[in-house]
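# Geometric and topological summary
Here is how the chains run, residue by residue.
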Amino acid sequence: MYRATKIFLAFFFLMPLLVFNTANTFANITDDYTDDDVPEITARVARISFVQGDVQIRRTGRDDWERVVQNLPIVEGDEIAADANSRLEIQFDTATFLRLDERSYLKFTALREEGIAVSLPQGTMSVRILKFAENAGFFEIDAPKTTIALQKAGTYRVDAGNQNDEEIRVSVRNNGEARVYSENSGFMLRDGRSAKVYIAGNLSGEWDIDAASRFTDEFDGWVLARDSTFAKRLRDADYDKYYDRDFYGAEELNENGEWIYASDYGYVWRPYRNVTSRYSNWSPYRYGHWRWLPPYGWTWVNDEPWGWATYHHGRWVYYNGFWAWSPYGQHRPRRSWWRPALVVVTYVGNTICWYPLPYGYGYYNYNRYYYRRNNTTIINNTTIINNPPANPNPTPIPVPSDDTASLEFQMKDRRNQVPREGIVAVDASAFGREKGDYRIPTSALARDVLAKVPDNNQSPPILPTFKELNGNVSREILVQNPKITRTETSINTGAAERKIIDAPLDEKLRQQRVLGNRPPVPRTTNSGESKTNSETNTRGTGAVARPQNPVTNRGDNSRTVETPQTPRTQTPRTIIPGPGEERKTAPPAAQQQRDTRTNTPSQPVRRQDTPRSEPPPTQQPRPAQPRQSPPPARNETPKPRSEPPPSRSEPKNAEQKPSSPPAESKEKPD
């Protein structure tokens, strides 16, 4: 009894420690799983969510053009040309969409986590942003000689016009706000306003503002209809419930399937039977085709309009006789990375086969041989040199000796079962060249394919690159050059050259085009943070702070301080003396005074202000008048003058000298 009590107490006290250690071990395993799940390439990807008409795309570093289809991935550097009667919609995430009208040309200058920058040499486009966070990245549009930096959530339309047009138009709606920069200036365009920017002629760089409601057409109506469609899908979506926000495009699932609970997988999504019944022998990764997408390599492009999220995230599982999609592969990683495809690709003889990546297994990189053969790895658009493989040949798949082996996937986990109909086969010579020429393998071929567990430690399969196909690709994929081609070489886009891809031009252009590289005037806030204005209790004036010394703007952002001019040398004035006085010389009226602080001569002034402590300068006397005799006494008769006064009609001689005063009488008055 005593021993049993000791065992019970020891078990009681040690059990929590054992549970704690077990939990930590499981957490470490989970953390290792999520950390190892970071892909070799993490370049940002957008998708074609809607396409109508004839639209083409050209990838980076290639001369040929491909046909644009729905769910086609878009990466940085891609160029898109829309022909007549065509329209296109591109989805970047759950809150950002770009729509392109007919006869338009678009290039993705930057497509990164830091932000997005697109170039529109000609045509019409619209950008809809539902949520805009200042720290979430920038969105800028380069039009001919103009850059538009989006500042808020809203709808933005840019009409770049044709090649010979001398003006473009920018419109803002739905509470949007944008900064618009031309070649020599910039301004803010707010909600409900439209600006016509002149890009050529005598008015180049200027703009006119008008109401945006005056400039609407059929394209605006189509944009509103697409906004309404996505608004309904987003209301019905299950973001943050079954899947996270990295699964953009998943808002289309609820219209085409249902969520059910499976004891082995948790909640999974199953497409409706009427959705898959339109395809013969439907299974995942069967209806679609392979496209070469740099820098990822071979990427699956599905035909199902709803399948974007299900073919680039999670796992497909075969459950109770039907296919279902799990958003995660057993463990939920810290971030759900986009993948070109989640499949296992194998070579068997002259046949290439693939099937959905099993549940519970990490990503199988079937493009790994392409990465190693090019001796590079691209992570966040940064190239890293790798060591090439010692043995590039693929490892042969052993053939089971038991012909009666089950066609189910031979793994310890019973949850991973792949029927023969879930394997897709194609001749090696047709891989990447044809679209949809796929078949279900024979039982013997399926047995060979499922004989080995997928493992990244084995040598990857040798898949050809797109360049190695030598252009022998179906006309359903490669097309002739569109009518709108190479316009980017003849039309310069952007208000300035975009030298740094992962940084916006907004702040740089604002400093140059609006502020003239001068600091802005600090504004007074309600809390009185601005000391300059709060101390004086006055409103700040001017857009930029003026320097204390006057400056001259010479047009090249250089400033020259004007120095005071040296006063002119003044000639001394001569005082005209009166009778009996000597000729004198007076000092100048305005003497050169020197500033006691700088010891430099001050500027001359017209009027000299003399301090009170100094005597006033000598005034120039008027010409002396001849003295007159004192008036005679009242009782005396005045003596006659020696000369009669001149007649009024006789002009006075200007050169006549004044008469000398009469001699005084030496006699004393009585």
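From a predicted model like this one, the values you see are computed outputs, not experimental measurements.

## Observations concerning the packing of aromatic side chains
The description of an aromatic ring pair uses the distance of the two centres, along with the angle that the planes make with each other. Tallied over the full model, the rule gives 40 aromatic pairs. With a centroid separation of 6.1 Å and an interplanar angle of 40 degrees, the aromatic rings of Tyr243 and Phe247 are classed as tilted. With relative accessibility at 1%, the residue Phe247 sits in the buried group. Centroid distance Tyr319 to Phe322: 5.8 Å. Interplanar angle 85 degrees. Geometry classified as edge-to-face. For the pair Tyr319 and Phe322, a shared accessibility class is recorded, and that class is buried. One residue, Arg335, lies across the ring of Trp337, its end atom 4.2 Å from the ring centre.

## Observations concerning the sheet that holds strand β24 (residues 343-348)
Taken together, three strands build an open sheet; the order of strands is β24-β25-β28 and the sheet is antiparallel. With partners counted over all chains shown, the strands left at the sheet margins are β24 and β28 (424-427), one partner each. Between one strand and the next, the sheet's axes are offset by a mean angle of 20 degrees, whatever the strand orientation.

## Structural notes on the nonpolar core
If you look at the biggest cluster of nonpolar residues, it comprises 57 residues, and the most contacted ones within it are Tyr243, Tyr285, Trp290, Trp298, Trp316, Trp354 and Tyr366. Those elements giving two or more residues to this core turn out to be β20 (288-293), β21 (297-302), α4 (308-312), β23 (322-326), β24, β25 (351-356), β28 and α6 (443-449). Each residue touching Tyr366, except ones within four places of it in the same chain, is listed here: Trp290, Trp298, Thr299, Pro340, Ala341, Val343, Val345, Pro461 and Leu463. One finds Ile48, Leu100, Leu111 and Leu120 within the second-largest nonpolar core, a separate group that totals 43 residues.

## Some remarks on the environment of Ala324
Within the secondary structure layout, Ala324 lies in strand β23. For the pair Ala324 and Val268, spaced 56 residues apart in the sequence, the C-alpha separation amounts to 6.1 Å. If we ignore the near neighbours within four places in the chain, the residues touching Ala324 are Val268, Trp269, Arg315, Trp316 and Val317.

## Notes on the pairing of strand β11 (residues 146-150)
Counting buried positions along β11 yields five of five residues, so the element is predominantly enclosed. The side-chain alternation of β11 yields two buried faces, one formed by Thr146, Ile148 and Leu150 and the other by Thr147 and Ala149. The pairing of strand β10 (residues 138-143) with β11 spans four bridges and is antiparallel. The partner of Asp142 across the bridge, within β11, is Thr147. Here β10 folds back onto β11 in antiparallel fashion, the turn holding two residues, of which Lys145 has a positive phi close to 55 degrees. Of the pairings in the sheet, the one linking β11 to strand β14 (residues 177-181) comprises four bridges and is antiparallel in character. By the bridge assignment for β14, Ile148 is matched with Val180.

## Brief notes about helix α2 (residues 218-236)
The end-to-end C-alpha separation of α2 is 28 Å, in line with the 27 Å expected for 19 residues at 1.5 Å each. Within the sequence span of α2, burial applies to Phe219, Asp220, Trp222, Val223, Arg226, Asp227, Phe230 and Arg233. Looking straight down α2, one finds that the buried residues subtend no more than 155 degrees of arc, so they occupy a single side. With respect to the buried face of α2, the exposed residues turned more than 90 degrees away are Glu218, Leu224 and Arg235. The secondary structure elements touched by the buried residues of α2 are β1 (46-52), β6 (87-91), β7 (96-100), β9 (115-129), β12 (154-161) and β13 (167-173).

## Topic: the layout of surface pockets
Gaps left between atoms are located by rolling a probe of water-molecule size over the structure's atoms. Here the second largest pocket defines a volume of roughly 700 Å³. Lining the second largest pocket are 30 residues, with Arg44, Phe92, Asp93, Thr94 and Glu113 sitting closest to its centre. Within the residue set of the lining of the second largest pocket, elements represented by two or more residues are β9 and β10. Of all the elements, β9 adds the most residues to the lining of the second largest pocket, at three residues.

Calculation criteria
- Residues numbered from 1 in each chain as written.
- Predicted model: local features only at pLDDT ≥ 70, side-chain atom pairs only at ≥ 80, totals over all residues.
- Heavy atoms only, no water.
- Phe/Tyr/Trp six-rings, centres within 6.5 Å; stacked < 30°, edge-to-face > 60°.
- Buried < 20%, exposed > 50% of the residue type's maximum accessible area, 1.4 Å probe, protein only.
- Lys NZ or Arg CZ within 6 Å of the ring centre and 35° of its normal.
- Pairing = 2+ DSSP bridges.
- Helix = DSSP H or I, 4+ residues; strand = E, 2+ residues; numbered from the N terminus.
- Axes fitted to C-alpha atoms, helices over the stretch in contact; angles between N-to-C directions.
- Core = buried A, V, L, I, M, F, W, Y, C linked by side-chain atoms within 4.5 Å.
- Contact = heavy atoms within 4.5 Å.
- Expected span 1.5 Å × (residues − 1).
- Arc of directions from axis to C-beta.
- 1 Å grid on protein atoms, 1.4 Å probe; cavity = no way out; pocket = protein on both sides within 12 Å on 5 of 7 lines; lining within 4 Å.
- Points joined across faces, edges and corners; volume = space filled by probe spheres on them.

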